[in-house]
Amino acid sequence: MNFCVAAWCVIFNILIAFCQYGLTKLAPDYIIPCNDTSSECLIKSTQYAIPEFVNGIPNLNVPVLDPFVIDKLTIPLNGLKVTFYKGKVSGFRKCIVDNVISELEKRHFVLQFHCNLTIKGQYDAVGRILLFPINGEGDAKVKLTNLRMKVNINTKYTKDKEGRNHFGLRNYKYTFDYGDRVTFDLQNLFKGSKELSQTVLTFLNENWKLVAEEFGKPIVDYAVDLVIKSIEKFFSAVPYEELTNVPIPL
Ligand SMILES: *[C@@H]1O[C@H](CO)[C@@H](O)[C@H](O)[C@H]1NC(C)=O
Ligand SMILES: *[C@@H]1O[C@H](CO)[C@@H](O)[C@H](O)[C@H]1NC(C)=O
């Protein structure tokens, strides 16, 4: 009799262990699912998640976003060729979320935020920038103050092999502006002449908006693409039901 009870206990415990295994949560603890799609809740929970999310999630293949590395990025422009090397972009962890809109039925998601970002690395550049001839290489540091961005994402719902629902991304578009100020610190813009280098650098900073508009977009494209890919990886790893308590629309 006693033996029988003990055997049942063992089986029961194994069953419980199985159930817990089956219910293993994939979402990290900093994901707080909202009970509704109010912007108020979504902003709060997105803001809460960002400082941790940017550290990456190795077991879900989500890369580190702060700092993130741009090994090499060439920006081909009319009359100027600029290449960035070993760029390190930091600051995402402190981005401020301005709005989040989730329209589950319309499969539409909007994320709006602003950030201060710093890009550090090396560059080389040959050609002309605005009026100035440039032939330089050296250390580069670019600071963006209150870069504002709005990302519009069209989503879809998919099922994984285990039959769980997931958010998916169909496509996205974004708009941005360079915000309050972009500061350039590019060393040695004109090889061999410190004076000319300094003159050109001062000129670039005085005309930061024009300069940013000339060659900023490829860098911003790169950053947005990386962030979107990270979100995509996250969505394909973590089931829908762990991200929101609002049922999936049929
Ligand atoms: C959602 O509802 C549950 C149960 O009422 C509550 O414990 C939880 O805090 C709510 N979540 C949010 C984000 O408000
Ligand atoms: C960016 O820096 C400026 C000036 O230091 C500060 O006023 C602003 O609040 C910062 N913005 C963010 C998103 O941290």
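This is a predicted model, so every value here is computed, not measured.

Novice: It is not clear to me how the overall build of the chain should be interpreted in this structure. Could you clarify?
Specialist: The helix and strand tally for the chain stands at 5 helices and 7 strands. In the chain, the succession of helices and strands from N to C terminus is α-α-β-β-β-β-β-β-β-α-α-α. The globule rule puts the C-alpha radius of gyration for 250 residues at 18 Å, and the 24 Å found for the chain is more than 25% above it. Projected onto its principal axes, the C-alpha coordinates of the chain cover approximately 95 × 40 × 25 Å. With 250 residues in all, the chain has 21% of them scored as buried. Of the contacts made within the chain by residues no fewer than 6 positions apart, 65% connect residues no fewer than 24 positions apart.

Novice: Looking at this structure, I do not really get helix α2 (residues 39-53). What am I missing?
Specialist: Along an α-helix, a turn takes 3.6 residues, which lines up residues three or four apart on a common side. With 15 residues, α2 ought to run about 21 Å at 1.5 Å a step, and its terminal C-alpha atoms sit 20 Å apart, in line with that. Residues L42, I43, T46 and F53 constitute the buried set of α2. For α2, the secondary structure elements touched by its buried residues are β3 (96-103).

Novice: I keep staring at the nonpolar core and nothing clicks. Help me out?
Specialist: Nonpolar side chains tend toward joint burial in soluble globular proteins. F113, C115, L117 and Y123 are the most contacted members of the largest nonpolar core, which has 45 residues in total. Elements represented by at least two residues in this core include exactly α2, β2 (80-90), β3, β4 (108-129), β5 (132-159), β7 (181-186), α3 (194-206) and α5 (217-237). Looking at this core element by element, the count peaks at 9 residues for β4. If near-sequence neighbours (up to four positions away) are discounted, Y123 is found in contact with V82, T83, F84, E137, A140 and L186.

Novice: Help me understand the site of ligand 1 in this model?
Specialist: The immediate surroundings of ligand 1 are formed by I32, C34, N35 and C41. Taken together, the residues of the shell around ligand 1 sort by class into 3 nonpolar, 1 polar and no charged.

Novice: Hey, could you run me through the site of ligand 2 in this one?
Specialist: Around ligand 2, the surrounding shell consists of K94, I96, H114, C115, N116, T145 and N146. Elements with a contribution of two residues or more to the shell around ligand 2: β4 and β5. With 3 residues, the single largest contributor to the shell around ligand 2 is β4. Classifying every residue of the shell around ligand 2 by side-chain character gives 2 nonpolar, 4 polar and 1 charged.

Novice: How should the pairing of strand β1 (residues 68-77) be read in this particular structure?
Specialist: Along a regular strand, successive side chains alternate from one face of the sheet to the other. Within β1, only 0 of the 10 residues are buried, which leaves it mostly out in the open. What sits between β1 and β2 in their antiparallel hairpin is a turn of 2 residues, with G79 showing a positive phi close to 80 degrees.

Novice: Is there a simple way to think about unusual backbone geometry in this case?
Specialist: Peptide bonds are trans in most cases, and residues, glycine excluded, mostly fall at negative phi. In the segment running from D66 into P67, the intervening peptide bond is cis, with an omega of 0 degrees. Considering the arrangement of structural elements, one finds P67 in the loop between α2 and β1. The phi dihedral of K86 is positive, around 45 degrees, even though this residue is not glycine. Considering the arrangement of structural elements, one finds K86 in strand β2. Although it is not a glycine, N188 adopts a positive phi angle of roughly 65 degrees. Here N188 shows up in the loop between β7 and α3.

Novice: Hey, could you run me through α5 in this one?
Specialist: With 21 residues, α5 should reach 30 Å at 1.5 Å per residue; the first-to-last C-alpha distance of 30 Å fits that figure. Turning to α5, its buried residues are I219, A223, V227, S230, I231 and F234. All buried residues of α5 lie within an arc of 105 degrees about the axis, which places them on one face of the element. Turned more than 90 degrees from where α5 packs its buried face, K217, D221 and D225 sit exposed. Where α5 is buried, its residues meet β1 and β2.

What counts, and where the lines are drawn
- Residues numbered from 1 in each chain as written.
- Chains lettered and ligands numbered in written order.
- Predicted model: local features only at pLDDT ≥ 70, side-chain atom pairs only at ≥ 80, totals over all residues.
- Helix = DSSP H or I, 4+ residues; strand = E, 2+ residues; numbered from the N terminus.
- Rg over C-alpha atoms; globule rule 2.2 N^0.38 Å.
- Buried ≥ 20, exposed ≤ 12 C-beta atoms within 10 Å, placed from the backbone.
- Contact = placed C-beta atoms within 7 Å.
- Expected span 1.5 Å × (residues − 1).
- Core = buried A, V, L, I, M, F, W, Y, C linked by C-beta atoms within 7 Å.
- Near = placed C-beta within 6 Å.
- Nonpolar A, V, L, I, M, F, W, Y, C, P; charged D, E, K, R; others polar.
- Pairing = 2+ DSSP bridges.
- Arc of directions from axis to C-beta.

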